[in-house]
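Summary of the model geometry
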Amino acid sequence: MIAQLTGTVTSSGIGYTILTVGGVGYRIHTTLEIIRSLPRDGSAITFFTHLAVRENSMDLFGFLHENEVTFFELLISVSGIGPKSALAIMNLETVTALSSAISQGDTTYLTKVSGIGRKSAEKIIIELRDKTALLSEADSVLHSEDAEALEGLQSLGYSIKEAREALKELPKDVHGTGERITAALKLLGK
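**A short note on the sheet that holds strand β5 (residues 58-63)**
Spatially, β1-β2-β3-β5-β4 is the arrangement adopted by the 5 strands of the closed barrel, whose pairing is mixed. Each neighbouring strand pair of the sheet contributes to a mean axis angle of 55°, computed without reference to strand direction. The pairing of strand β2 (residues 16-21) with strand β3 (residues 24-29) spans 6 bridges and is antiparallel. In the sheet register, Y16 faces β3, and the bridge partner there is H29. Contacts from helix α2 (residues 66-76) reach β4 (45-53) and β5, with the element oriented near 15° to β4.

**Brief notes about α2**
Within an α-helix, residues lying three or four positions from one another point in the same direction, as the helix has 3.6 residues per turn. When you tally the buried positions in α2, you get 8 out of 11 residues, the bulk of the element. Turning to α2, its buried residues are N67, E68, V69, T70, F71, F72, L74 and L75.

**Overview of the environment of A166**
Tracing the backbone shows A166 in helix α7 (residues 160-169). When the C-alpha positions of A166 and K186 are compared, they lie 9.1 Å apart, and in sequence the two are 20 residues distant.

**Looking at the nonpolar core**
One finds F63, L75, I89 and I124 to be the most contacted residues of the largest nonpolar core, which totals 35 residues. If you list the elements that add at least two residues to this core, you get β1 (4-13), β4, β5, α2, α3 (83-90), α4 (95-103) and α5 (118-137). Those residues in contact with I89, other than ones at most four positions away along the chain, are L75, L98, L110, V113, I116 and I124. Core analysis: the next-biggest nonpolar cluster, separate from the first, contains 11 residues, A163, L167, L170 and I181 among them.

What counts as what
Residues numbered from 1 in each chain as written. Predicted model: local features only at pLDDT ≥ 70, side-chain atom pairs only at ≥ 80, totals over all residues. Heavy atoms only, no water. Pairing = 2+ DSSP bridges. Helix = DSSP H or I, 4+ residues; strand = E, 2+ residues; numbered from the N terminus. Axes fitted to C-alpha atoms, helices over the stretch in contact; angles between N-to-C directions. Contact = heavy atoms within 4.5 Å. Buried < 20%, exposed > 50% of the residue type's maximum accessible area, 1.4 Å probe, protein only. Core = buried A, V, L, I, M, F, W, Y, C linked by side-chain atoms within 4.5 Å.

All we've got here are geometric facts, nothing functional implied.
Here you go:
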């Protein structure tokens, strides 16, 4: 999987940019806000990416911050929400505002996207409410490890609140889902 690319922007279009890395141009689908903010002076820029592989295509989706690609991956984890719909949702507002809206159960942002009705918006909220609450509580940075650790702790019988509190107290140098769950269990066992 291509997780990160650093290069120079050679051109942009509606919803995508071409990033040249080592003589190879990668088409990266991204939000309109990111396209507007890209440097045009030839300076290097880094994209955090998600590679969507389908039967007949491979598409790269890129973001300037890790929390954006994490939020994107949370959105596409909801059945019925594909990468293009997730990108359309992210075109509406910042990750912080969308996370806040989802954790508060506000469907208004989500229903503005073509193809996402009230039922789909409610499904997104139900499936992501706790995960996005963790995202906004952790200064808008949620690693996939935290989402997986949260699910792991829940499957062991801990409540969302207990699991979230334990994960918030972990030192920043604890990495990996297994290590984070083990460290959280130690905290919860005290």
